[in-house]
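What follows is the residue order along each chain.
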Amino acid sequence: MSGSTMSRRQFVTGSLAAAATLGAGPRFLLRPASAQTTPGRSMVCIFQRGAVDGLNMLVPHGESRYYSLRRSIAVPRPGENGGALDLDGFFGLHPSMASLGPMFDEGELAVIHACGSPDESRSHFDAQDYMETGTPGDKTTNDGWINRHLQTSGASQPETLRAVSVTSTIPRALSGPASAYAASSLVDLELGSGRQGELARAAIGDMYRGRTDLIGATVEETLDNYEIFTSLGGYTPANGAAYPNDSLGRGLREVAQVLKSDLGVEVAFLETGGWDTHVNQGGSDGQLSELLRTFADAIAAFRIDMGGAMDDVCVMSMSEFGRTAAENGSAGTDHGHGTAMLALGGTVRGGRVYGDWPGLGPSELHQGRDLEVTTDFRTFFAEIVERHLGNPSIEAVFPGFAYGASTRLGLIR
Amino acid sequence: MRSTSLAGMTVAFALTAQVALATDDGPLGSLASAEEDARVIHLLNRAAFGPTPESIEEVHRIGRHAWVAQQLIPEAIMDPEIDARLSIYPALPMSATELLENYPAQDPRRDEPMGIGPPQRVPFEVAAANLTRAVHGKAQLREVMTDFWFNHFNVSAQDGPIRLAVVSYIRDAIRPNALGSFSDMLRATAESIAMLYYLDNYVSVAPGSRGPDSGINENYARELLELHTLGVDGGYTQDDVVEVARAFTGWTFTPPRSGTVEFAFFPQLHDRGPKTVLGTTIPSGGKREGLRILERLATHPSTARFLATKILRRLVADDPPEEMIERTAEIYLVTGGHIGWTVASVLLSDDFYAPEHRQNKAKSPLELVASALRATGADVDLGVEASRRVGDLGQPMLRAPAPTGWPEVSREILSPGGMVTRFEFGYLVASGAIQGVRVDTNLWESILGIWGTDGLAQFLLGRLPSASTRTALESAAAGGATPALLAAMVLGSPEFQLQ
């Protein structure tokens, strides 16, 4: 990347004036003494947009109220027809997530129940924003928590591509001064084939070179990354891993390829939709069951594909809030509060369900209707940033959040 | 330089009205002045979905201000051609009852499709029709503002009754009011099946009126204040949200199993208690409570400022100047919330044409697709595939996932990976590879043969390219780039990607 043009991140985060004052270097490089992350570690974030029903993903089969609140959509107890896959005698995985069962048994998969935001918003986009900026209740935050992690931790080479998102635009969690690359397909870059493709890339370079605006900086990154990603070539997943052919499955397959090829990528972000199950969500079968099946199968395939490299990877799932404890009048669930999140990887102290279980009794429910939040999502995220990625600057990544040894879940080895 | 082919020449002359004006200067003829030409292009980039040879000629002929004046009264613009083009989408004119009959949920056990097709087919028809209007419609400003207002009052036509209700939502609530009274549009959206469903007001009822656990749902009330009118900093409180939600209890629709779906107010589900909204007591009055609140919100100064900012963000700059915001909000208030006058005050101002406001915004995916089809003289026979391309570029039509709609500012539209898709899209158009869209791909070779790469750029951009684009095209041509690739490069140039 040339030093003469301004970088995209400067346009993304601030005015041209600010960029000019700082000179051509990225702002994060000007920060004094940035911490070094643990070499080789990476984090794969999967956002379940639309608010997954945590109570049917991780079923509290040991609580009888679960069954009285959800007469038509409850997942039966383990051992019954279509029953939950028991994890610890109280919680069970939804039966369609069976592909993740062995990973829990082997101690690689952990579940955090009753996890969520201290903010009470039941608005999808507010809550997603808060979960991505990492500052619940504060709408003035410009950058995302993952970007702040990148800003406060040093890469071995400043211009290494450290963060990718398999989405058509940069998600809020990744937006900010530190560079991130987003594309709905990371490796499928085609600007025409053969000689015509070369001519196209040369012409694009000629047309945009030297521009001191946002689009100029964006195209410069496009062309830089083109070189990187096209050098990867074709890919066959290892160990017979079979990814579902949906956007999450295809995305995780690309992430596996990118992580294995040692480009210096430390963070990958993916998203999956359809979780806003207001109507006919189903129990052991049906709408949510199908969503959970491909969700679990994609993650399981990724884990199998990564093989031994999984020692340095942590996959984490998140969703903006949970859903009402009781089913509604249309065999679905409405916007709620606490939900369940997953962590999978070699550094994860798995085989356990984390978090205090608040219960489903009338006085135990949040505002009398939703699963209470007993683990702030930042506790979960911060522990991965600090303990897995090795970035101690939690106060910068999650400003205003009281984090310390006493609040840790002990989730990461 | 390619040799001139007689056949190609014939095609070129037959298919573009503009070529009739051709002189030695280029395929668009000699232009009045560089500055006037730039202004015309700028106007057509913002108040229309980009220039076509015909529209450039028209604006030059009648003048920019007269063109704006004409566009402000879309009802007076005769456009039989667009009616004919849209006649292939059977859902568009249908009533709710007809849609339910003709687009039923399918029975998986039957081999034959029931009716015209499943409900999920309908949003594809509507998206295709919207795209076709953006490319071929003569009431361009109305289409621009229809896109703007749909995004403002976003509903996602992915699920439930919205798949069918989006037909009436755009046809009856948004498009007819897009340049009219904001208050009318606000009410039309409040009473629309699409919005009642999307923001859950249809299930918001007086506590206990529909079983022991029933009660209000704040979703619509919150978005009404935050996204539709006052804006997040517009001066309302959480209590206002609750009071507004209470006022709108009972606003719902008849259940689909009744054979039709239409707006209904059920007094037995309405919370009859007193309400105070923004410090004013709302007298108990059933449905009139909600109407009163809508009226009040539509002409509130916070609404004026919020809407002015958003309109300017679309028409002028990602971060519009404060002075323009104040002036535009003032016009909005003195005209009683008249959108047409408010938009006109922007388009007729000198600031609109200020150099810093030209080429300062990235085209949105829809703007890019529509403008590329307009520039290439494409003929959209069936818009389904072309409208899907808008989604490939990052903003699937009618399917923005959140009530905020799609982002409008360049920094949220452009991404490094997304640029690849934008360049590839240019090639698909230039090589005629989009299903349902006819592009005369022989034209590029004909134009190159006569006028070279400068002429090709001028044909597609409406004016001469920048120095760097010119050099890039000349090198590519010298290196053996195909005519379609050269046309694609013009569509990929900064001049075309920006507006």
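**A word on the overall build of chain B**
(1) Moving on: If you tally the helices and strands in chain B, you get 25 helices and six strands.
(2) Moving on: Whereas a compact globule of 499 residues would reach a radius of gyration of roughly 23 Å, chain B reaches 24 Å, a difference of no more than 12%.
(3) Moving on: In terms of its C-alpha atoms, chain B occupies a principal-axis envelope of roughly 80 × 60 × 40 Å.
(4) Moving on: Within the span of chain B, comprising 499 residues, buried residues form 56% of the whole.
(5) Moving on: Relative to all contacts within chain B whose residues are 6 or more apart in sequence, the contacts with residues 24 or more apart total 70%.

**Observations concerning the pairing of strand β2 (residues 42–48) of chain A**
Residues and elements named next belong to chain A.
(1) Moving on: The buried count for β2 comes to seven of seven residues, which makes it a mostly enclosed element.
(2) Moving on: On β2, burial covers both faces: S42, V44, I46 and Q48 on one face and M43, C45 and F47 on the other are all buried.
(3) Moving on: In this sheet, strand β11 (residues 313–318) lies alongside β2 in parallel orientation, the contact comprising six bridges. Bridge pairing in β11 links S42 to V313.
(4) Moving on: Relative to strand β10 (residues 267–272), β2 runs parallel, the two sharing six bridges. If you follow F47 over to β10, its bridge partner there is E271.

**Considerations on the domain arrangement of chain A**
Residues and elements named next belong to chain A.
(1) Moving on: Taken domain by domain, chain A holds domain 1 (28–187 + 240–397) and domain 2 (188–231).
(2) Moving on: For domain 1 and domain 2, the distance between their C-alpha centres works out to 34 Å.
(3) Moving on: Contact residues are listed per partner, giving six residues for domain 1 and five residues for domain 2.

**Observations regarding the nonpolar core**
Generally speaking, a soluble globular protein has its nonpolar side chains buried in company with each other.
(1) Moving on: If you look at the biggest cluster of nonpolar residues, it comprises 268 residues, and the most contacted ones within it are V166(B), L486(B) and V490(B).
(2) Moving on: Look past the residues within four positions of V166(B) in its chain and what remains in contact with it is P123(B), V126(B), V155(B), A157(B), A194(B) and L398(B).

**Observations concerning the interface of chain B and chain A**
(1) Moving on: The partner chain A presents 38 residues to the 40 residues of chain B that form the contact.
(2) Moving on: Residue assignment for the side of chain B that touches chain A shows that the elements contributing at least two residues are α20 (410–413), α21 (416–430), α23 (467–478), α24 (483–492) and α25 (494–497) of chain B.
(3) Moving on: Among the elements that make up the side of chain B that touches chain A, the one with the highest residue count is α21(B) (eight residues).
(4) Moving on: Its residues assigned to classes, the side of chain B that touches chain A shows 19 nonpolar, 17 polar and four charged.

**Here's the deal with the sheet that holds strand β5 (residues 92–93) of chain A**
Residue and element names in this part refer to chain A.
(1) Moving on: The three strands lie next to each other as β3-β5-β4, forming an open sheet whose pairing is antiparallel. Edge strands, defined here as strands with exactly one partner in the open sheet, are β3 (58–59) and β4 (85–86).
(2) Moving on: The pairing of β4 with β5 spans two bridges and is classified as antiparallel. Among the inter-strand pairings, L85 is bridged to a residue of β5, identified as L93.

**Points about the confidence of the model for chain A**
Parts of the prediction with low pLDDT should not have their coordinates interpreted in detail.
(1) Moving on: Considering every residue of chain A, the mean pLDDT works out to 87; 87% of them sit at 70 or more.
(2) Moving on: Low pLDDT (under 50) marks residues 1–34 of chain A, which in the prediction has 50 contacts with non-local residues, meaning those over four places away or in another chain.

The rules behind each value
- Residues numbered from 1 in each chain as written.
- Chains lettered and ligands numbered in written order.
- Predicted model: local features only at pLDDT ≥ 70, side-chain atom pairs only at ≥ 80, totals over all residues.
- Helix = DSSP H or I, 4+ residues; strand = E, 2+ residues; numbered from the N terminus.
- Rg over C-alpha atoms; globule rule 2.2 N^0.38 Å.
- Buried ≥ 20, exposed ≤ 12 C-beta atoms within 10 Å, placed from the backbone.
- Contact = placed C-beta atoms within 7 Å.
- Pairing = 2+ DSSP bridges.
- Domains from an automatic or database assignment.
- Core = buried A, V, L, I, M, F, W, Y, C linked by C-beta atoms within 7 Å.
- Nonpolar A, V, L, I, M, F, W, Y, C, P; charged D, E, K, R; others polar.
- pLDDT = per-residue confidence, 0-100.

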